[in-house]
Amino acid sequence: MNATETIFALALASNCNSQPNFQKTFAQIQRMGTSVFSAVYLIPCRDGIGADYWNAACLLKSQLTVDEMTAILKKMEADSGRVRPSHHISLDIDLIAWGADLTAMTFNPKKLPLALDVKIPMMEIWQDDQFRHAEHDFPQVSLNIQ
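What counts and what doesn't
Residues numbered from 1 in each chain as written. Predicted model: local features only at pLDDT ≥ 70, side-chain atom pairs only at ≥ 80, totals over all residues. Heavy atoms only, no water. UniProt positions renumbered as here; feature names shortened; annotations may be inferred. Helix = DSSP H or I, 4+ residues; strand = E, 2+ residues; numbered from the N terminus. Polar contact = N/O pair within 3.5 Å; in protein donor to acceptor, adjacent residues only side chain to side chain. Contact = heavy atoms within 4.5 Å. Buried < 20%, exposed > 50% of the residue type's maximum accessible area, 1.4 Å probe, protein only. Pairing = 2+ DSSP bridges. Phe/Tyr/Trp six-rings, centres within 6.5 Å; stacked < 30°, edge-to-face > 60°.

As recorded in an unreviewed UniProt entry, the chain goes by 2-amino-4-hydroxy-6-hydroxymethyldihydropteridine diphosphokinase and comes from Acinetobacter chinensis. Here is the UniProt Pathway (unreviewed entry) comment for the chain, exactly as written: "Cofactor biosynthesis; tetrahydrofolate biosynthesis; 2-amino-4-hydroxy-6-hydroxymethyl-7,8-dihydropteridine diphosphate from 7,8-dihydroneopterin triphosphate: step 4/4."

Participant: It is not clear to me how the side chain of Ser 62 should be interpreted in this structure. Could you clarify?
Facilitator: Looking at the secondary structure, you find Ser 62 in strand S4 (residues 53–62). Reaching out from Ser 62, the side chain makes a polar contact with the backbone oxygen of Met 32 at a distance of 3.0 Å. Side-chain polar atoms of Ser 62 contact the backbone nitrogen of Leu 64, separated by 3.2 Å. When residues no more than four places from it in sequence are discounted, the contact partners of Ser 62 are Thr 4, Glu 5, Thr 6, Phe 8 and Met 32.

Participant: I would appreciate a short explanation of the pairing of strand S5 (residues 92–99) in the present structure.
Facilitator: Every other side chain in a regular strand lies on the same face of the sheet, so the side chains alternate between the two faces. Of all the 8 residues making up S5, 7 are buried; the element is thus mostly covered by neighbouring parts of the structure. Where strand S1 (residues 6–14) lies against S5, 7 bridges are found, and the strand directions are antiparallel. What sits directly across from Ile 7, in S5, is Gly 99. The pairing of S5 with strand S6 (residues 106–107) spans 2 bridges and is classified as antiparallel. Within the sheet, the bridge partner assigned to Ala 97 lies in S6 and is Phe 107.

Participant: Where do I start with the packing of aromatic side chains in this structure?
Facilitator: For any pair of aromatic rings, the description rests on two quantities: the centre-to-centre distance and the angle between the ring planes. For the structure on display, the rule yields 6 aromatic pairs. With 4.0 Å between their ring centres and 15° between their planes, Phe 26 and Phe 37 make a pair best called stacked. A residue pair is termed long-range when its members are at least 10 positions apart, and Phe 26 in helix H1 (residues 18–30) and Phe 37 in strand S2 (residues 34–37) qualify at 11 residues. Of the two residues examined, Phe 26 and Phe 37, each falls in the buried class. For the pair Phe 107 and Phe 131, a centre-to-centre distance of 6.1 Å together with 45° between the ring planes defines the contact as tilted. Taken as a pair, Phe 107 in strand S6 and Phe 131 in the loop between helix H3 (116–125) and strand S7 (140–141) lie far apart in primary sequence, 24 residues in all. Phe 131 shares its class with Phe 107; the two are buried. Aromatic ring contacts, followed pair by pair, group Phe 22, Phe 26, Phe 37 and Trp 54 into a single cluster.

Laid out in structure tokens, this is it:
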């Protein structure tokens, strides 16, 4: 087993069966290590097509490797019923960054530049210049997690 812990910065989104998908996903992530979640925000679809998204961010400290984490996240998306391509997204989980310390994280180049729907929730749990954004008035969604 990998004895080194890695911090994973995750961006979560859903616009289809969002509440049950987020509840299940939050519980699964909590079982993978120590986690901190942002609030859940209701943010319009980036391209203006499709329903508004539930967006959240998570910092997860785990002994998983980056490859293991990537595989688990893709399986979680598939298990939620994710269909590609589609504007009805049951679950999207992006690995934004990873590292041993928040001051020395490796950002996923495939996710750059960061979208506003990533920056807003991420800034809440990780104050970094990468997540600066203009003021917003996107509402928060109440998510009852045990």
